[in-house]
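Per-entry structural report
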Amino acid sequence: MTGSSSPPSPALTLPAPRARGGWRLPPAFGLATPATLFVLIALIGPLLLMFRYSLNRFVPGQMMVEALTLANYAKFFGDSFYQEVLGTTVWVSALSTLLCLVAGFPVAYFLVRQASPVWKGRLLLLVILPLLMGNAVRTAAWMVILGDKGLFNAVIGVIGISPVKLMYTPTAVVIGLVSVLLPFMIVTLQSVLEGIDANLESAAASLGAGHLTTLWRVVLPLALPGILAGTLLCFILSMNAYAPPVLIGGPSFHMMAPTVYQQVAKAMNWPFGAALAFVLMAVTLVLTTSANILVQRRYRRWSE
Amino acid sequence: MGLVSINRIYAAISAVVMAFVLLPLVAVVWVSFFSNRILSFPATGYTFDWYVRAWAQDSFRNGFITSVETALVAVVISLVLGVPASLALVRYRFPGRDAIQTLLLSPMVVPGIVGGAALFMAFIELEIILDMDISGSLPGLFIAHGLIALPWTIRLVTAALVGMSPSYEEAAQSLGAGRITTFFRVTLPIIKPGIVAAALFSFVISFIDLEKSIFLVGPGRTTLQIALVSYLEWNLDSTVAAVATVQILIIGVLLVASDRYAKLSRAF
C-alpha cells in the first residue's frame, strides 16, 4: 500500500494526514453505493427478470404463462432457422473483426511510430469522429454509397463497368460493420503500441532483424494483450449490431440482435426473445473467454 | 527494405484505411446538398432545401428535441452517480472494490439490445404492479441513457483522478479542510478537465444510442436515431443526409471541444 506510511508528522496540533489506502469503509461505501444501486436496479435486476422469463412458456394470445421449462432454449437449438441466424452472426462478426485487425494495425502503427505529434492528434480525432457519428447515420451513409443507384455504382459506371448488386448482400453488411468497428480497433491498438518502447524495435533492427521479423518477434508479443482487447471489443460489438444487418442486409438477412428485437417487440414472444438474448450473450461470452484463455497461454509461452 | 520505404508503405495503407473510414461521412454531407428529387449520382444541382424539409418533418424535429433532453439528463445522472463512485474506486481500498468496479463498467459490456430488452420487460412488469406508464415514457428513457453514459464517465473521471496526486487532498485536510470542502475546493478544480470530457462524451454516447433505446421509445417519444432508422426502412433521400450532416456537425464540435480538455482516446 503506497503512501500509508506518512512522513513523521511534526509535533504540532494539526490533525495528522489520514493514512491512504487504509480500510476506511464508510466514506467509500457512501460514495459508491448510489451508482452501484443504480446499476443493480437498472441492469442486473432486469437481466435476472429476463432470465426468469426465458423459462416461461409462451401461449399465443396470452403472451406468457408462468412455467419452469427449457422449451425456449430447446426451440432455439432444435430449429435450423435460428441456428443459421446464429451461424451467420458468428461468421459475419469473425470476418469483420479480422478485417478490422488487418486494416487497423498499420494505421495504429503509423500513428504511434511515424506521424508527427500534431498530425497524430488530428488523425486520432478523425478516427474518433466517425466512431461517434452513430450507427444510424453511418448505415444511412453506406446505403447512399452501396445502393443500386449509389455512389459506388455511379463511379464504376463512369469507368464503364456495369452496376453491381451490393445492397442486401452479406458483403455490404461486412463493409458496413467494418466501417463501424475499425475506429474502435485503431484507437485500442494505438493506445497499446504507445506503451511499447520504440528502442526495442531499434535494438532488434540493429541486431539485423528485418521489419517483419521485428513486428512478429518483438512488437506482436508485447502488443498481444491490447490486440486481444481490441479484437474482443470489435467482435462483441458486431455480434450485437442492429442497424447494419437490418438496413444494409435487408429483410432476408438475419442476425441475432434484430431477431431478439423482432421476438420481443414485434412477435411479443417474450420467453423466446429472452432465451435468444441469453443465447446471444452466452455465445459471445464463451467465444471471447476461450479466445482470452487461448491467447494468454500463447502469451505465456512467448514471454518465457 | 529501407526505413523510408517502410514508412511510405505504412503511410499509404493508413491513407487508404482513413479514406474508407471517412468516406461515409463525406458522402453523406455531399449528398445532403443534392437537388435531385430522387437520390442518384451525379448531382443535377445543389440546394439547401433538404435542411428545411428535415426540420419541417415532425419525427426528426421532435426526435432531435427528445434526444437532446435525454442526453442532458443522462449527463446529469452519470456525473452525479459516476464522480463519487470514481472517487471511491481510486482513493479508497475496500473489500469488493474490484467487483464493484466490474459492476459499474458492466453496462458497457452487456450488449445494448440485451440490456434494452431486459429493461423494457422490467418496465412493463413495473407498470402492471404500479399501474403507471413507464416504458415509452421519458423517465424510462432517462434511466436507460443514464446507464449507457455511466461507465464512460467513470472511465474518464477515474483516469483524471489517477493522474492527480492525493497529496493535494492530504495537504488540504491536514490544514483542517473537511472532506466535502476538500472535494469542492481542491479535487474538483484539478480534475475539471476530466469531468468536462466525461460530460461531453456522455452526451454524445447517449445522443447516438440506438440499440438500447429501440425498445423504450413510444409514440411521440422517439429519439432522433430511432426516427432515422424507421425513416430509412422505407425511404432513402437527401432529407436523411441533411439530418445526418447536422448530427455530424454537432458531434464534431463537441468532440473537438472535449478533446481540448482530455485525451479522448483514453476513454477506450
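Throughout, residues of each chain are indexed from 1 in the direction in which the sequence is written. Throughout, the order in which chains and ligands are written sets their labels, letters from A for the former and numbers from 1 for the latter. Where totals are concerned, whole chains, interfaces and linings use all residues; where local detail is concerned, this predicted model gives features only for residues with pLDDT of at least 70, and gives and counts side-chain atom pairs only at 80 or more. Hydrogens and water molecules were not included; the side-chain quantities draw on all heavy atoms of the structure.

Structural notes on the packing of aromatic side chains
Classification of ring pairs rests on two measures: the distance between centres of Phe, Tyr or Trp rings, Trp counted by its six-membered ring, which must be within 6.5 Å, and the angle between planes, read as stacked under 30 degrees, edge-to-face over 60 and tilted in between. Under the counting rule described, the total for this entry stands at 20 aromatic pairs over all chains. Between F81 of chain A and Y82 of chain A, the ring centres sit 5.0 Å apart and the planes meet at 80 degrees, which makes this aromatic pair edge-to-face. Among the residues examined, Y82 of chain A registers a relative accessible area of 9% and is labelled buried. Judged by centre distance (6.0 Å) and plane angle (15 degrees), the ring pair of F203 of chain B and F207 of chain B falls under stacked. Within this pair, F203 of chain B and its partner F207 of chain B are both found in helix α8 (residues 179–207), separated by four residues, close to a single helical turn. The buried label goes to any residue with under 20% of its type's maximum accessible area, the exposed label to any with over 50%, and the partly exposed label to all in between, with areas taken from a 1.4 Å probe on protein chains only. The buried category is assigned to F203 of chain B, whose relative accessible area is 13%. Residue F207 of chain B is classed as buried on the basis of its relative accessible area of 3%. These aromatic residues form a ring-pair network of at least three members: Y53, Y242, Y261 and W270 of chain A together with F120 and F215 of chain B. Directly above the aromatic system of F272 of chain A lies the positively charged group of K75 of chain A, at a separation of 4.0 Å from the ring centroid. For a lysine, the NZ atom is tested; for an arginine, the CZ atom; a charge sits over a ring if that atom is within 6 Å of the ring centre and within 35 degrees of the ring normal. Here the basic side chain of R122 of chain A rests over the ring of W119 of chain A, its NZ or CZ set 5.2 Å away from the ring centre. Working definition: helices are DSSP H or I runs of at least four residues, strands are E runs of at least two. Numbering for both runs from the N terminus.

What to know about the interface of chain A and chain B
How big an interface is tends to be expressed through the accessible area that disappears when the partners come together. Residues count as neighbours in contact if any of their non-hydrogen atoms are within 4.5 Å of one another. Taken together, the 87 residues of chain A in the interface contact 88 residues of chain B. Definition of a polar contact: a pair of N or O atoms within 3.5 Å, with one able to donate and the other able to accept a hydrogen when the atoms are protein atoms, and with sequence-neighbouring residues admitted only if both atoms are side-chain atoms. Counting every contact that joins chain A to chain B gives six residue pairs in polar contact (both at pLDDT 80 or more). Here the side of chain A that touches chain B takes 20 residues from helix α1 (residues 25–53) of chain A, the largest share from any one element. Here the residues of the side of chain A that touches chain B are counted per class, giving 71 nonpolar, eleven polar and five charged. Under the scheme applied, nonpolar residues are Ala, Val, Leu, Ile, Met, Phe, Trp, Tyr, Cys and Pro; charged residues are Asp, Glu, Lys and Arg; polar residues are all the others, including Gly.

Concerning a nonpolar patch on the surface
The patches described consist of residues with a relative accessible area above 30% and no salt bridge, like charges being joined within 9 Å and nonpolar side chains (Val, Leu, Ile, Met, Phe, Trp, Tyr) within 5 Å. Throughout, the Shrake-Rupley method with a 1.4 Å probe supplies accessible areas, and for residues the shown protein chains are the sole cover considered. A pair is scored as a salt bridge if a Lys or Arg side-chain nitrogen falls within 4 Å of a carboxyl oxygen belonging to Asp or Glu. Side chains of V155, V158, I159 and I161 of chain A sit close together on the surface and give an oily, nonpolar patch of about 420 Å² of accessible area. In this fold, V158 of chain A is placed in helix α6 (residues 151–159).

Thoughts on the environment of G140 of chain B
Within the secondary structure, G140 of chain B sits in helix α6 (residues 138–162). Separated by 58 residues in the primary sequence, G140 of chain B and A198 of chain B place their C-alpha atoms 22 Å from one another.

A short note on the packing of helix α3 (residues 58–91) of chain B against helix α9 (residues 224–232) of chain B
Residues and elements named next belong to chain B. The angle between two axes is taken between their N-to-C directions and runs from 0 to 180 degrees, where each axis is a line fitted to C-alpha atoms and a helix contributes only its stretch in contact. Packing of α3 against α9 leaves a shortest axis separation of 7 Å and a crossing angle of 150 degrees. Comparing their axes, α9 and α3 come out roughly antiparallel. Where α3 abuts α9, its residues S59, F60, G63, F64 and S67 lie against L224, Q225, A227, L228 and Y231. Class assignment for the residues of the contact of α3 with α9 results in six nonpolar, four polar and no charged. Here the angle decides the label: under 35 degrees means roughly parallel, over 145 means roughly antiparallel, 65 to 115 means roughly perpendicular, and every other value means oblique.

Observations concerning the nonpolar core
We define the nonpolar core as a collection of buried residues of types Ala, Val, Leu, Ile, Met, Phe, Trp, Tyr and Cys that are connected through side-chain atoms lying within 4.5 Å of one another. Formed by 182 residues in total, the largest nonpolar core has its most connected members in M50, L132 and L193 of chain A together with I113 and F215 of chain B. Take this core: its biggest share by element is 15 residues, from helix α7 (residues 170–194) of chain A.

With respect to the state of the cysteines
Residue and element names in this part refer to chain A. By definition, disulfides here are pairs of cysteine sulfur atoms that lie within 2.5 Å. Applying the stated criterion to the full structure yields zero disulfides over all chains. No disulfide involves C100; its sulfur sits 4.7 Å from the nearest other cysteine sulfur, which is in C234. We classify C100 as buried; its relative accessible area is 0%.

Observations concerning helix α4 (residues 117–131) of chain A
Compared with an ideal rise of 1.5 Å per residue, which puts 15 residues at 21 Å, α4 of chain A spans 21 Å between its outermost C-alpha atoms and is within 8% of the ideal. K120, L123, L124, L125, V127, I128, L129, P130 and L131 of chain A are the residues of α4 of chain A that are buried. In a helix, the anticipated span is given by 1.5 Å times the number of residues less one.

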